[in-house]
Protein chains: 4
Amino acid sequence: MNSFGKIFRISIFGESHGDCVGVVIDGCPSGVLLSLYDFIEDLERRRSGRKGTTQRIEEDLPIIKSGVFNDRTTGAPIMIAFNNLNAEPKDYKDIKHKPRPGHVDFAAWKKYGGFNDYRGSGHFSGRLTLGIVAAGVIAKKIIEPVKVKAGLVEIGGSKDIDSAVEHALEIGDSIGGIVECRLYNLPVGLGEPFFDSFESVLSHGVFSIPGIKAIEFGCGFMCAGMKGSEYNDEILDYTGKTKSNNAGGINGGITNGNEIYFRVAVRPTSSIPKPQKTIDLKTNEPTEISIKGRHDVAIALRIPVIVEAISAIVTADFMLLEQRIKRIWG
Amino acid sequence: MNSFGKIFRISIFGESHGDCVGVVIDGCPSGVLLSLYDFIEDLERRRSGRKGTTQRIEEDLPIIKSGVFNDRTTGAPIMIAFNNLNAEPKDYKDIKHKPRPGHVDFAAWKKYGGFNDYRGSGHFSGRLTLGIVAAGVIAKKIIEPVKVKAGLVEIGGSKDIDSAVEHALEIGDSIGGIVECRLYNLPVGLGEPFFDSFESVLSHGVFSIPGIKAIEFGCGFMCAGMKGSEYNDEILDYTGKTKSNNAGGINGGITNGNEIYFRVAVRPTSSIPKPQKTIDLKTNEPTEISIKGRHDVAIALRIPVIVEAISAIVTADFMLLEQRIKRIWG
Amino acid sequence: MNSFGKIFRISIFGESHGDCVGVVIDGCPSGVLLSLYDFIEDLERRRSGRKGTTQRIEEDLPIIKSGVFNDRTTGAPIMIAFNNLNAEPKDYKDIKHKPRPGHVDFAAWKKYGGFNDYRGSGHFSGRLTLGIVAAGVIAKKIIEPVKVKAGLVEIGGSKDIDSAVEHALEIGDSIGGIVECRLYNLPVGLGEPFFDSFESVLSHGVFSIPGIKAIEFGCGFMCAGMKGSEYNDEILDYTGKTKSNNAGGINGGITNGNEIYFRVAVRPTSSIPKPQKTIDLKTNEPTEISIKGRHDVAIALRIPVIVEAISAIVTADFMLLEQRIKRIWG
Amino acid sequence: MNSFGKIFRISIFGESHGDCVGVVIDGCPSGVLLSLYDFIEDLERRRSGRKGTTQRIEEDLPIIKSGVFNDRTTGAPIMIAFNNLNAEPKDYKDIKHKPRPGHVDFAAWKKYGGFNDYRGSGHFSGRLTLGIVAAGVIAKKIIEPVKVKAGLVEIGGSKDIDSAVEHALEIGDSIGGIVECRLYNLPVGLGEPFFDSFESVLSHGVFSIPGIKAIEFGCGFMCAGMKGSEYNDEILDYTGKTKSNNAGGINGGITNGNEIYFRVAVRPTSSIPKPQKTIDLKTNEPTEISIKGRHDVAIALRIPVIVEAISAIVTADFMLLEQRIKRIWG
C-alpha cells in the first residue's frame, strides 16, 4: 500500500512524468499553524539544481488543496499537490522495453504486466518523495520540542563531499553515500514491544525511500563485534541518561530518553551515461542501453531531508499514540 | 501493536515468567497439512541448552489450541501456546527497581508507569519469539517452492564460532554476532512501491526480534562507496537473472527474481554477570547491579531460525497479496 | 481515518467550499481499461440539478491525476480530483457560530476546537461522496460479473416519489427515504468470520454515507418476529441456491451464493428554510437560525448510486482477498 | 480478519468443540485493576442455562494467561482463554455433509474447501463471543464514566418475553428478538468523518455478532418517513443537549454529547428440531435434516451483553484516539 502510519497517516500518489505528485495526510491535529512558507526550507534542501543533482529543475511549489483553513489545519485530511511542469516523457520512449540495470524497470514490468507507467520510473520515481518531505514539515511542527537532524557524512567513500561529486561528474559515473540522522529531546517510552518497535517502524519508513539499502541504529554493525561489558550503556540518573549511547537511544524497541541516531547507506544513482548490458523484453535478446535523461550523480545529496521527514512522521505517529501530542492546537 | 502482517497476520502474547507464551495466526489458507512434527526442527534450532545459551531449559512443546482439524488448517485462526514450565520469577525480585543496562527495564518502567511485568523482561522476553518461530514453520510450508535459509556468519568478531563462545564463557562476558539470510526461488514482483517495499516490511519484521540493531540488503553499506557502474547488476536474460547481485534481489522495493540476501547485526546479550552501574528507581540514587538469572552468552546463536521465520512470514503475506499462494489447499 | 478497504483501499479528501474534493484509490489491479466516459453515468446519477436536489450545479468533471496511462490502470494509486467551481462560501458566514440542528456543526466545532472549515460542512459535505462514486465506478468494472443495483423505494413515507418531492418543495420542508440495493452473481465465500463479516464491512462503508441512519439485510427487522421454521432458507441444490432468501444472501457473515439485498434509511436533509432554535456559541445564548444556502429537499434522491459504489468497493476488496479478481488485466 | 479495533484491538480464536476459545486484547492501558471477579456478572448474563437457552452448560471460567500482573494490566497483550469442558463433537457427525439451513455450513464448506471444523459451526460458533464479552468487561472499566446498557425489548414479536419463550419451547420452534442499547455520558467528538464514523465502526462490530441482521440508530427507519422540521433535534444549550434525540446522539458520524441509542434485530436461532430440506454435499441430492444437538430457542436472550461489549470496545478505541482515556492508570 502507498500509505504509512496509524494515526498520523500519509498516502502518496503521482508519477514522474504525469500531471502531478502529491500526498494526503490524515490524522493531523487541528489548529496547527501552516502556510506555504513552512515548506520552503525543506523542499529547497530536497531540490535538484545543485552540482551533482539532476538538470530537471522543477518549481516544487506545494499546493495545499484541502485540510487547511485560515492558515491552520482543520483536522480533515490535508492534500498537497506538486505539479509536474518540466516533464519530458519522450526521454524515455526508447527504454520502454529495455529495463535499466539497477532500476525497478524489469520488476515493475513483470509485477504490473507491462501496464506500469515506465516514463522516468513512473510512480517509482524519486519525485514521489516530495509528498513525504511535505508531510515531514508538518510532522516536525507537531513533534516539538523533539528535533530531527540528518546530514550526509560520506559520499563515494569520502568525507570530502565536494571533490567526490566533482570527480564523479568528470568520469561520468554515479556514487553512493551515507546519511546520518539524529533525534533529540525524545520522551521515554515511544515504540511498542516487538512488531512496532521504534526501529521496526522507522526502518519500515526509511526503506521506502528509493535507493536506501542498509540501516544501523546506534553503533549498529559494530555491536556484533563487541562484548556486553563494552556495549551496555551505563544508566547515570533517573532521567535514563546513559554514559555511552551504543544502543542509539532505543532498548527493547522503546525510546529510552537518550538521543536516537542511525545511519543509512544510499546506493549510487542507477542511471549512468555509460553503456550497460540488459535484455530487450520484446525480443528476449541481449542488448545495450545508454541512459540519456537528466539524472543525479549522487541521490545521496538529496536524501537527508527525506530521512528527516520519515523520522518526524514516525515520531509524530508514536507521540500521538502515547498522547504526547494534543489533538487540538492553538 | 503486537500484530504483524496484512493477510497472513500474527499476534503474540505472553510473558517470560507468566503462564505461557503464544501466537495467533490469522489468514492462513485452509487445508494445509500441519502436525506437531512440523515444528520440531525449527523449535529445536531456537532452543537453549547448547553451549553459550541459557541454562533455563524449557520443553518448548507447541500446543495447537485452534485452527487445525484432522491435521489440516481450517482457515480459522491458529492459536499455538507454549507453557512456561521452568519459570523462576524469584530470580528477578531484587532488580525490580534497578533497571539493567542494555535492557528495556528503564524504558518499560516509564512507558507503563511501573505496572509492567518486570520478571525476566516480562512481555519483552526473547521467549516471545517462540510464537514467531511457530508461525514461521507454517509460513515456510505455504511459500513453497520459496526457500529461506539463515545462518550465523560471525560471532564476537570472529568466524570461529565455537572458540569465540568458549572464550566469552571463560571471561564471563557476552558477545554479539552477524546473521545472514537468503531467500531462493522468489517470484518477481513481491513488494509494493514506497511504504510497503520488500525491504520496508522485512526490516519491520526483523527489527521486532530482540537484539537486532542493523540490517543491510545485498551489498548494503558497501554500496555507499561504490560507483554506479560497479553497483548496477547487469540483466542477463528475460527471467531477470543478473550477473552480479549487489541489489540483493530487490530493485525499487520489488523482488527482481534473483536471490534475496541480507545481513543483520545482533548486539551482545545485555545480561552479564559483571557488576554494572545503574540507578535505583526508588531512591534515585546510583547503585550497582550484578545479574544472576540464567542467560545466553550470545543470543546471536539462536537468532538465525527467528530471522528465517520473519522472512517466511513476510514472504507469505506478499505472496498471498500477489495471489501466488492459493487460499484452499489439499 | 478517511480511508477504507484492505487491498482495494480508498482515501478521500477535500471540502465543500475549498479548492476541490477527490479520492486516492490504492490496490487497483493493473491493465483495467479506464477512461473519463466510464464515470459519466454514475456521476450523473449522483448529480444535483433535478427537482428536489440542490441548486448548486457543479460540472463534477473527474480529473484523473495519476495511476492511469494509455487508458489503462497502471497498478499505482489512482488519484481523481473534482474541482469546486461553484462554491459560494459567503453563504455560510452567518452560521459560523450558530450550529445548525441535525448537522455535524456542533460536534465538529467541539471535536476540532473550532478550527474545522465550517463552510457548507467543510470536509463533512456530501460533495466528498464524489470520490466514493468515482472509486465505485472502478470497483464495478473489476468485480464483473458481479452486478450491483440500488434504487429509491420510498420517499417521505410514500412510493410516489415525484409527488412526494413536489409536496415537500411546496411546504418548504425536507423528506427522508429508503434505498434498496441488490448484488447479483456473487461467488460463495466472501466475508470473514466475526469482525470482517460481509455485513460488518458493508455496513461500515454504508454508514460513512452522510444521512444514513439504519440498515437491514435480507428480511432485516422483520426477522425479529419470525420463527426459525419460517426464517430458515431451504437449500435447493449444490450451488447453495435457496427457496426463500430471508438471510439476504449472507449466513454467518459469509456470502452463500444467493442474491444479497439490503435496505437503508436516509434521514431528511437537515438544512431547511424554516427557522430553527439553536445556540450561539459565542454568547452561549439561545438563538434562531434560518438556513439559506442551496440544499436538497431529499438527499435520498442522490443516495442510490453512492450505496452502489460502497457495495462495489466492499465486494472488490473481498474478491481480491479471495483471489476472485486477478491482479493483472488486459 | 479475526481482529477488531485500532488502538484497543481484540483478536479472537477457538472453536465450539475444540480445546478452548479465547481473545487477545492489545492496546489496553497499564495499571487498570482487573481480577476474575470483574468478569462474573457479564459472563453470567451471556451464559446459557436459563429457560430458552441451550442445555450445553459450560463453566465459562475466564483464565487470564497474560497481560495482568499483581491484579493490574501491564500494558502487554491480555490473553484470556475459556476451556471447552462440555463439548460433544459427536452430535455433529451426521451433519458433516448436510448443511443446515440458516447456518453458515454451506458457505463455510465452499469458502474453506471442506477443511473447516464443522462441529457446532466450529470457529463460527456463538461460543466465540465469550472473548468479546471478556474484552467488553475491560473496555467498560476504562471508558468510565461512560456507561453502556443493553436489553431485550421484544422477542418473537412480543413484549412479554417469558411467555414468548414458553410458547416457542412448546411448539419446538425458535424465535428472534430486538435488542436496544444505550450509551450515557459520552464526550462530544468521538468518531471520524466518513469511513470511521461512530455508526460505521459500531455497526462493523455489531454485525460481527452471530445472528444480527439489522441495526438502526436513533429513530432509524422511522426517519425515512419524517420531515426535516420534525427530525432535526433542536439544540438547547452550549453542552449540545438537544430537545428531542432523533439522531440518537450522532451527527455526521460524530457523537454530539447526547445519549446514543440503537436497536438491532436478532434472527431466530437457526437450529430447530423440525425436519428441514437441504442438500447432501456428497451426492448432490436433496435430503432432509433434523438438528439434534443442544441449542438456544432464542439467542436474542444472550445478545444484550454482547452488544454492550462491542459498544464499550468501540467507545474505548475512539476515546483512546481522542486522548479521553489515559495510557497509564493507578
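All of these numbers come straight from a predicted model, not from anything done at the bench. Every chain's residues receive numbers from 1 upward, in the order its sequence appears when written. Chain A is the first chain written and ligand 1 is the first ligand written, with later ones labelled in order. Per-residue local features are limited, in this predicted model, to residues with pLDDT of at least 70; the limit for side-chain atom pairs, both in listing and counting, is 80 or more; totals at the level of whole chains, interfaces and linings are taken over all residues. Side-chain calculation: all heavy atoms of the structure are included, whereas hydrogens and water are not.

Draft legend 1. Fine view of helix 3 (residues 129–142) of chain C. Taking 1.5 Å per residue as the helical rise, helix 3 of chain C with its 14 residues ought to reach 20 Å, and the 20 Å between its terminal C-alpha atoms agrees with that figure. Taken across its 14 residues, helix 3 of chain C has 13 buried, putting it largely inside the fold. A run of H or I in DSSP becomes a helix once it reaches four residues, and a run of E becomes a strand once it reaches two; helices and strands are each numbered from the N terminus. Each helix should span, by expectation, one fewer than its residue count multiplied by 1.5 Å. The buried label applies to any residue whose accessible area, calculated with a 1.4 Å probe on protein chains only, is under 20% of its type's maximum; exposed applies above 50%, and partly exposed to all values in between.

Draft legend 2. How the structure looks around the relation of the copies chain A and chain B. Least-squares fitting of one copy onto the other uses the C-alpha atoms of those residues that reach a pLDDT of at least 70 in both copies. The operation relating chain A to chain B is a screw motion whose rotation component is 180°, with 0.0 Å of axial translation and a residual RMSD of 0.0 Å. Such a turn and shift between the copies fits a two-fold axis. Of the residues that chain A buries at the interface, 100% are likewise interface residues in chain B, meaning the two copies contact each other through the same surface. Pairs of residues are marked as contacts when any of their non-hydrogen atoms sit within 4.5 Å.

Draft legend 3. Geometry of the interface of chain A and chain B. Chain A puts 100 residues into the contact, and the matching count from chain B is 100 residues. As used here, buried area is the combined drop in accessible area, with a 1.4 Å probe, of two parts when they are placed together. In total, about 7,700 Å² of surface goes out of reach between chain A and chain B, with carbon and sulfur atoms giving 65% of it. Sorting the residues of chain A by area buried against chain B places F194, F195 and K213 of chain A first, and these three jointly supply 13% of that buried surface. When a carboxyl oxygen of Asp or Glu lies within 4 Å of a side-chain nitrogen of Lys or Arg, that pair is called a salt bridge. Applying the counting rule to chain A against chain B returns six salt bridges. Residue E199 of chain B pairs with K213 of chain A through a salt bridge whose shortest N-O separation is 2.9 Å. Residues adjacent in sequence count toward polar contacts only when both atoms are side-chain atoms; beyond that, a polar contact is any pair of N or O atoms within 3.5 Å, and within protein one must be able to donate a hydrogen and the other to accept it. Inspection of the region where chain A meets chain B yields 49 residue pairs in polar contact (both at pLDDT 80 or more). With six residues, strand 10 (residues 212–217) of chain A is the largest single contributor of residues to the side of chain A that touches chain B. Considering only residue class, the side of chain A that touches chain B consists of 46 nonpolar, 35 polar and 19 charged. Residue type decides the class: Asp, Glu, Lys and Arg count as charged, Ala, Val, Leu, Ile, Met, Phe, Trp, Tyr, Cys and Pro as nonpolar, and the leftover types, Gly among them, as polar.

Draft legend 4. Summary view of the interface of chain D and chain C. Listed as interface residues are 100 residues of chain D and, on the opposing side, 100 residues of chain C. Around 7,700 Å² of area is buried between chain D and chain C when both sides are counted, 65% of it from carbon and sulfur atoms. Considering only the surface of chain D that becomes buried against chain C, F194, F195 and K213 of chain D emerge as the three largest contributors, covering 13% of it. Where chain D touches chain C, the interface holds six salt bridges. There are 49 residue pairs in polar contact (both at pLDDT 80 or more) connecting chain D and chain C. With six residues, the top contributor of residues to the side of chain D that touches chain C is strand 10 (residues 212–217) of chain D. In terms of residue class, the side of chain D that touches chain C is made up of 46 nonpolar, 35 polar and 19 charged. With three bridges joining them, strand 10 (residues 212–217) of chain C and strand 10 of chain D adopt antiparallel strand pairing. Residue I215 of chain C lies in a different strand from strand 10 of chain D, and its bridge partner there is I215 of chain D. Only strands that DSSP links by at least two bridges are regarded as paired with each other.

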